[in-house]
Amino acid sequence: MTIWVDIETLPGIYTPSALDGLVRAAVPATLKKPATIAAWCQEHRDEVWRRTALDPLQGQVLCIAAAEGRHGEVSSWYDRDCDGGPLRGLANWLDERDGNLRGHRPTWGGWSVAFDLAYIRLHAGRLELESVTRRLPDRSWLMCDVKAVAAAYDRRLMRSLGATARFFGLDKAEGLHGSEVLDAYARGEHERIERYCRGDVEITREIARRIGA
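Scoring rules and cut-offs
Residues numbered from 1 in each chain as written. Predicted model: local features only at pLDDT ≥ 70, side-chain atom pairs only at ≥ 80, totals over all residues. Heavy atoms only, no water. Salt bridge = Lys/Arg side-chain N within 4 Å of Asp/Glu carboxyl O. Buried < 20%, exposed > 50% of the residue type's maximum accessible area, 1.4 Å probe, protein only. Helix = DSSP H or I, 4+ residues; strand = E, 2+ residues; numbered from the N terminus. Pairing = 2+ DSSP bridges. Contact = heavy atoms within 4.5 Å. Polar contact = N/O pair within 3.5 Å; in protein donor to acceptor, adjacent residues only side chain to side chain. Axes fitted to C-alpha atoms, helices over the stretch in contact; angles between N-to-C directions. Disulfide = S-S within 2.5 Å.

A. Focus on the pattern of salt bridges. Under the defined criterion, the tally for this structure stands at 14 salt bridges. The salt bridge partner of Glu96 is Arg97, with a shortest N-O separation of 3.6 Å. Salt-bridge contacts for Glu189 lead to Arg192; the nearest nitrogen and oxygen are separated by 2.9 Å. Judged by its relative accessible area of 23%, Arg192 falls in the partly exposed class. What emerges from the salt-bridge pattern is a single network uniting Asp46, Arg50 and Asp183.

B. Region of the structure containing the pairing of strand 1 (residues 2–10). Counting buried positions along strand 1 gives 8 out of 9 residues, so the element sits mostly inside the fold. As paired elements, strand 1 and strand 4 (residues 107–110) share 3 bridges and run parallel to each other. Each residue of the ladder has a partner; that of Thr2, found in strand 4, is Thr107.

C. Local environment of the pairing of strand 4. Pairing between strand 4 and strand 5 (residues 143–145): 3 bridges, direction parallel. Bridge pairing links Gly110 to Asp145 in strand 5.

D. Local environment of the environment of Val48. Assignment of secondary structure puts Val48 in helix 2 (residues 34–51). Among the residues examined, Val48 registers a relative accessible area of 5% and is labelled buried. In this structure the C-alpha to C-alpha distance between Val48 and Tyr78, which are 30 residues apart in sequence, comes to 25 Å.

E. Expanded view of the environment of Glu68. Note on placement: Glu68 falls in strand 2 (residues 60–68). Put simply, Glu68 and Ile3 are 65 residues apart on the chain and 4.8 Å apart in space, counted from C-alpha to C-alpha. Leaving out residues up to four positions away in the same chain, Glu68 has contacts with Met1, Thr2, Trp93, Arg97, Asn100 and Arg205. Within the structure, the side chain of Glu68 is placed 3.0 Å from the side chain of Arg97, a separation counted as a polar contact.

F. Structural detail: the sheet that holds strand 4. The 5 strands are arranged 3-2-1-4-5 in an open sheet whose pairing can be described as mixed. Strands at the two margins of the open sheet, each flanked by one partner only, are strand 3 (75–78) and strand 5. Across the sheet, the axes of successive neighbouring strands diverge by a mean angle of 25°, strand direction being ignored. Strands strand 1, strand 2, strand 3 and strand 4 of the sheet are contacted by helix 10 (residues 190–211), whose axis makes an angle of about 145° with strand 1.

G. Spotlight on the state of the cysteines. Inspection of the entire model under this criterion finds 0 disulfides. The closest cysteine sulfur to the non-disulfide-bonded Cys63 is located on Cys197, 3.8 Å from its own sulfur. By relative accessible area, which is 0% here, Cys63 ends up buried. Here Cys82 is not disulfide-linked; the sulfur of Cys63 is the nearest cysteine sulfur, at 9.9 Å.

The following block contains the structure:
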């Protein structure tokens, strides 16, 4: 059985002093003068903070969407406080599928799925959600990265999900891009983000069907 998954993340929460340290650690080594370093930190502070959403050890899980098999309904779990609700929702959903799993680890599929699974594994582990971690893949052949399959594993040919969806004539849900989730969150567009996350699962699964992934 394949579980199709997608997640949305937010940057981490930092005190001003902690964020200062994070920004200073990102200063290019070529910058030496204190004034130049200070100017760089001021200019790139927001950018460095936003990038923490791409690191599971720094960012937060805002939403998870998942579906079972080719035709299973897409479920989603959203928590605007990012306090573990999506991971707990996924844990309960997996528990309900014990009969289908029959004690085996499923294949997990998605667009750049390794990124999503790294987040899920580490954050589920922090919450001690063994019902999630014990079902996650421990071998590469238990993952189906539709992005890599579509590009024949040639990184030069890899495209975004949105671009690939347009190629297949599929509508990209909600007109969002992953880089826009934080701004949508700040505007209070929580339902839109959750629909976007579910839509990515549906589109990825359909692309996988069409290319035989």
